[in-house]
Amino acid sequence: MQRFQYYIDGEFLDGEARFQSIDPATGDVWAEMPEAREADVDRAVDAAEKALYEGPWAKMTATQRGKLLYRLADLVAANARKLAELETRDTGKIIRETSAQIAYVADYYRYYAGIADKIEGSYLPIDKPDMDVWLRREPVGVVAMVVPWNSQLFLSAVKIGPALAAGCTMVVKASEDGPGPLLEFARLVHEAGFPAGVVNIITGFGPSCGAVLGGHPKVAHIAFTGGPETARHVIRNSAENLASTSLELGGKSPFIVFADADLESAANAQVAGIFAATGQSCVAGSRLIVEASVKDAFLSILKRKAEAIRIGSPLDMATEVGPLATKRQQDHVTALLDKSIASGARLITGGQKPDGVGYYFPPTILDCDGVNSPSLAEEFFGPVLSVVSFESEAEALRLANDTRYGLASGVFTQNLTRAHRLMKGIRAGVVWVNTYRAVSPIAPFGGFGLSGHGREGGLAAALDYTRTKTIWLRTSDDPIPDPFVMR
Ligand code: NAD
């Protein structure tokens, strides 16, 4: 059985407590993980604080930080295959996706390597003749990063990259489900030469590790990705240290198809949008909103494509849909589907949990027209698509915005002016037009409403890991005049 260690203050440690990790494709235990509890969290945060103010990191120039980030990017690229296999083994995400995604993770680190020495302060045109005033941009402090099980290397890169560029130090908590790849990534951080304590990577459970970390008095910012319910705990924890938060949460994203769209192309995007990553994607286009006149035609293309999807071992390059990450997730998808069918939603394809080992669930499509189905409101985080139809553009927009989430959205139409109206009207942090699920280190990403706040990606994300300090310098040699008058 493979054994993993966590990484605190530049050392790889076993931890006092350990827990087992399960291979979702078989349901068998395959690895043993170190479980961080309060004392380990304290050690990690202390190490991060020391590195922030005292160690070599504190004295490094931004350009030197950038060079370390470039080295890390190269190491991620060189080890992409190994990391991908680990992530596939530990979470069930198919190797086809993990290998492409992790190769791209290297580009995220490269992007932030370049940003490191472009984070500038500013000089203020102050309204007093004998003063020079400017803003320094300094690292925000020790950052707690908490990520969920899906795409942990990617979801941590969008936090670690900008935070390192800004000069922060950090404690990263991998999810208790599938932490292997992130713990292994710690070895690359070490090899890249980051000073001890700059990046600490642990794993453990929500209440005994994530909550302790988020509420720790030395933590200045919490970067969290996960579900809205856990995010509420994160905010409550931050009432202790008054840390700022950035929250990347779930979604119930609309995927709108107009009759004039290229239906074949839209269907491919919809398949990617809902069945990729076995639906365990925050941006899953889980609500198809299709123009009534093409509903039957579009659903028949989608059904054909969904039924042709190859389900199998996630380690096989030919597999297109692998298992869900956990039994808990499989049970949740099954229960929400049953509830939706009981409410009147009609099964078009899928729905049957297959016999045999592993936490598999087939691509599933539900016709929800005229039904108040819970599947239209609640996140499956699984391969289940809910379909409704519309007659007019106004109705399409109303249906798209009929959610408390606001992460992503897709619009498929050849009509340029309509596309522009919808871009403005849709209440979501990302609008994809005639495409879906495209991401880049250069483009900010994040949600509205229950999908959270704060943005990841882009230059602004690095600035979010800084705080400004206002410097006042009096340039006059004359004695300070009347001390009782504020000037
Ligand atoms: P989750 O909220 O259950 O767990 C996320 C992380 O929070 C885990 O590491 C967990 O240990 C930790 N945690 C649990 N309780 C905690 C507490 N009290 N204090 C601090 N940390 C705690 O999420 P999940 O079920 O692992 O992941 C699925 C969710 O993540 C979905 O809602 C999905 O949409 C969302 N997600 C969002 C994005 C995005 O970028 N917007 C990306 C991926 C996933």
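Residues numbered from 1 in each chain as written. Predicted model: local features only at pLDDT ≥ 70, side-chain atom pairs only at ≥ 80, totals over all residues. Heavy atoms only, no water.

**Regarding the pattern of salt bridges**
Quick note on the threshold: One speaks of a salt bridge when a side-chain nitrogen belonging to Lys or Arg is within 4 Å of a carboxyl oxygen belonging to Asp or Glu. Secondary structure elements are defined from DSSP: runs of H or I of at least 4 residues count as helices, runs of E of at least 2 residues count as strands, and each element is numbered from the N terminus.
What the rule picks out here adds up to 34 salt bridges. Between Glu32 and Arg18 there is a salt bridge, with its nearest N and O atoms 2.5 Å apart. Linking Glu32 in strand 5 (residues 28–35) with Arg18 in strand 4 (residues 17–23), this pair joins segments that are 14 residues apart in sequence. A cluster of three or more residues bridged by salt bridges with shared partners is formed by Arg3, Asp14, Arg18 and Glu32.

**Thoughts on the site of the ligand**
Selection rule: Proximity is defined per residue: if any heavy atom of the residue lies within 4 Å of a molecule or strand, that residue is considered near it. Between N or O atoms, a polar contact is any pair within 3.5 Å; within protein, one atom must be a potential hydrogen donor and the other a potential acceptor, and residues adjacent in sequence are included only when both atoms are from side chains. Every accessible area reported is derived by Shrake-Rupley at a probe size of 1.4 Å, with residue values counting cover from the shown protein chains alone. Asp, Glu, Lys and Arg are counted as charged, while Ala, Val, Leu, Ile, Met, Phe, Trp, Tyr, Cys and Pro are counted as nonpolar; the rest, among them Gly, fall into the polar class.
Residues in close proximity to the ligand total 27 residues, the closest being Val147, Glu176, Thr230, Leu249 and Glu379. One of the side-chain nitrogen or oxygen atoms of Lys173 is found 3.0 Å away from an oxygen atom of the ligand. Here an oxygen atom of the ligand and a backbone polar atom of Gly226 are 3.4 Å apart. When isolated, the ligand has an accessible area of 860 Å², and the protein chains bury 88% of it. In terms of residue class, the shell around the ligand is built from 12 nonpolar, 11 polar and 4 charged.

**Digging into helix 6 (residues 152–166)**
Each full turn of the α-helix corresponds to 3.6 residues, which orients residues three or four apart in the same direction. To keep things clear, this is the line we draw: A helix is expected to reach a length of 1.5 Å times the quantity of its residues less one. Throughout, the bend at a residue refers to the angle made by two axes, fitted to the seven residues ending there and to the seven starting there. In this scheme, a residue with accessible area under 20% of its type's maximum is buried, one over 50% is exposed, and one in between is partly exposed, where area comes from a 1.4 Å probe on protein chains only.
An ideal rise of 1.5 Å per residue puts 21 Å on 15 residues; helix 6 measures up with 21 Å between its terminal C-alpha atoms. Val158 marks the point of greatest bend in helix 6, at about 25°, and the proline Pro162 comes within the next four residues. With 15 of its 15 residues buried, helix 6 lies for the most part within the structure. With its phi angle positive at about 95°, Gly167 sits one or two positions after the end of helix 6.

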